[in-house]
Amino acid sequence: MKVLVVGNPIAGGGAAARKIEALAELLRARGHAVEVFLTAAAGDARARAAAPEFGADALIAAGGDGTLNEVVNGLREPFATPVGFLPAGTANVTARELGLSGTPEEIAALIEAGDARRIDVGRAGGRRFLMVASVGFDALAVAEDARRRAKSQRFTRFAVPILRALWRYRAPALTVTVDDAPPVKGALAIVSKTRHYGGLFSLAREARCDSGVFEVTVCARGSRPALVLYALAALCGRMERLGGVRTLRGIRVAVESEAPAPVEVDGEPFGTTPATFELAAGALPFLAPPRRS
């Protein structure tokens, strides 16, 4: 088989480079042809996955969730080549959701078995996502982080962006419409395909990568004390128990607001409202262990 590994060598403080090398050596020892493409700047992974000479039997994204997102956004549709993930980032949310241990040996075994799960792909306009999109405070914090993102890959790097976002924050008045259901008002909307959010929070407990629906959390209150309460509840996995929090499910989510509100998709800024998120159920073949019942 021909395997293309697209990796961010500095992910995980350099751990990704070691894992990429180990995977390439293992696959070559087993008789596979391996091309390793190492990224040097944002957008490199997307460009390589989109290249006309792509031509591989399997494509492995190596690094953090951001590297995987870039690879998925570079692929042409309909998706045909199975995608795998060698996690070596900070949160590795997708790996946790799919039950990946993250070892080169596991990835090699999945490639050779060739059994790909079909997972859902979210779309926000021309941007695809596998994990989450949000409108409101979370997106503002992501925008602050993007402005100062550089050296630190630790969770503590988010402290300053979060504090700056809290200082600037003005709760938006959102209208969230899921499929053909009546609109819901709120100050924060999170559209999830994964249970975990940011590696620390358990937000949408019923969300699955292959469920065929979004799980949409709409929070009615937008004050700073309410945001702190939401964060504490999400840390404990009890978000749905709070008053003023509604959970909706569907395949198309439209979010509007009286004034433009920030939007993020898989941890990257995505402009402002209005925003529409749509789901392509089972669109992407993904190399992962069978779903646990």
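Residues numbered from 1 in each chain as written. Predicted model: local features only at pLDDT ≥ 70, side-chain atom pairs only at ≥ 80, totals over all residues. Heavy atoms only, no water.

Caption draft 1: The pattern of salt bridges, seen in detail. Counted under the stated rule, the structure contains nine salt bridges. Residue E112 pairs with R30 through a salt bridge whose shortest N-O separation is 2.9 Å. Here the residue E112 occupies a position in helix α5 (residues 104-113), and R30 occupies one in the loop between α1 (15-29) and β2 (33-38), the gap between them amounting to 82 residues. Using a relative accessible area of 36% as the deciding quantity, one classes E112 as partly exposed. Given a relative accessible area of 39%, R30 falls into the partly exposed group. (Salt bridge = Lys/Arg side-chain N within 4 Å of Asp/Glu carboxyl O. Helix = DSSP H or I, 4+ residues; strand = E, 2+ residues; numbered from the N terminus. Buried < 20%, exposed > 50% of the residue type's maximum accessible area, 1.4 Å probe, protein only.)

Caption draft 2: Fine view of the packing of α1 against α5. Running from N to C, α1 and α5 point in directions that differ by 45°, and their axes come no closer than 9 Å. It follows that α1 is oblique to α5 by the angle criterion. For α1 against α5, the interelement crossing comes out right-handed. Residue-level contacts link K19, A22, L23, L26 and L27 of α1 to P104, E105, I107, A108 and I111 of α5. Among the residues making up the contact of α1 with α5, the classes are represented as eight nonpolar, no polar and two charged. (Axes fitted to C-alpha atoms, helices over the stretch in contact; angles between N-to-C directions. Parallel < 35°, antiparallel > 145°, perpendicular 65-115°, else oblique. Left-handed = near helix turned anticlockwise from the far one by under 90°. Contact = heavy atoms within 4.5 Å. Nonpolar A, V, L, I, M, F, W, Y, C, P; charged D, E, K, R; others polar.)

Caption draft 3: Region of the structure containing a nonpolar patch on the surface. On the surface, L200, V228, L232 and L235 cluster together to form a nonpolar patch covering roughly 370 Å² of accessible area. The topology assignment puts L235 in helix α8 (residues 224-235). (Patch = residues over 30% accessible without salt bridge, like charges linked within 9 Å, V, L, I, M, F, W, Y side chains within 5 Å. Areas by Shrake-Rupley, 256 points an atom, 1.4 Å probe, with all protein chains shown as cover.)

Caption draft 4: Highlighting the layout of surface pockets. A volume near 310 Å³ is recorded for the second largest pocket. Every residue lining the second largest pocket is counted, 23 residues in all, and those nearest its centre are L140, R170, P260, A261 and P262. Only α6 (137-148), β16 (262-265) and β17 (268-272) provide two or more residues apiece to the lining of the second largest pocket. Per-element accounting of the lining of the second largest pocket gives the leading share, five residues, to α6. Looking at the lining of the second largest pocket residue by residue, the classes come out as 15 nonpolar, four polar and four charged. (1 Å grid on protein atoms, 1.4 Å probe; cavity = no way out; pocket = protein on both sides within 12 Å on 5 of 7 lines; lining within 4 Å. Points joined across faces, edges and corners; volume = space filled by probe spheres on them.)

Caption draft 5: Spatial organisation of the nonpolar core. Ranked by internal contacts, the top residues of the largest apolar core, which has 45 residues, are V5, I60, L68, L100, I111, L284 and F286. The contact partners of F286, leaving out residues within four places of it in the chain, are L68, V83, G84, F85, L98, L100, D115, A116, R117 and I119. Listed in part, the 22 residues of the second largest apolar core include A124, V184, V191 and V253. (Core = buried A, V, L, I, M, F, W, Y, C linked by side-chain atoms within 4.5 Å.)

Caption draft 6: Quick peek at the side chain of T273. Along the chain, T273 turns up in the loop between β17 and β18 (275-287). By relative accessible area, T273 is classed as buried at 8%. Side-chain polar atoms of T273 contact the side chain of S257, separated by 2.5 Å. Not counting chain neighbours up to four residues away, the residues in contact with T273 comprise V135, V255, S257, A259, P260, A261 and V263. (Polar contact = N/O pair within 3.5 Å; in protein donor to acceptor, adjacent residues only side chain to side chain.)

Caption draft 7: Geometry of the packing of aromatic side chains. Taken as a whole, this structure holds three aromatic pairs when the rule is applied. Seen from their ring centres, F129 and F277 are 6.2 Å apart, and the 90° between their planes marks the pair as edge-to-face. Pair noted here: F129 is in strand β6 (residues 127-129) and F277 is in strand β18, with a separation of 148 residues, a long-range link. Relative to Y169, the ring of F137 has its centre 5.3 Å away and its plane inclined at 90°; by these criteria the two rings are edge-to-face. Separated by 32 residues along the polypeptide, F137 in helix α6 and Y169 in the loop between α7 (159-168) and β8 (174-178) bring together distant segments of the chain. Owing to a relative accessible area of 11%, F137 belongs among the buried residues under this scheme. Residue classification places Y169 among the buried residues on the basis of a relative accessible area of 4%. Cluster of aromatic residues (ring-pair linked, three or more members): F129, F214 and F277. (Phe/Tyr/Trp six-rings, centres within 6.5 Å; stacked < 30°, edge-to-face > 60°.)

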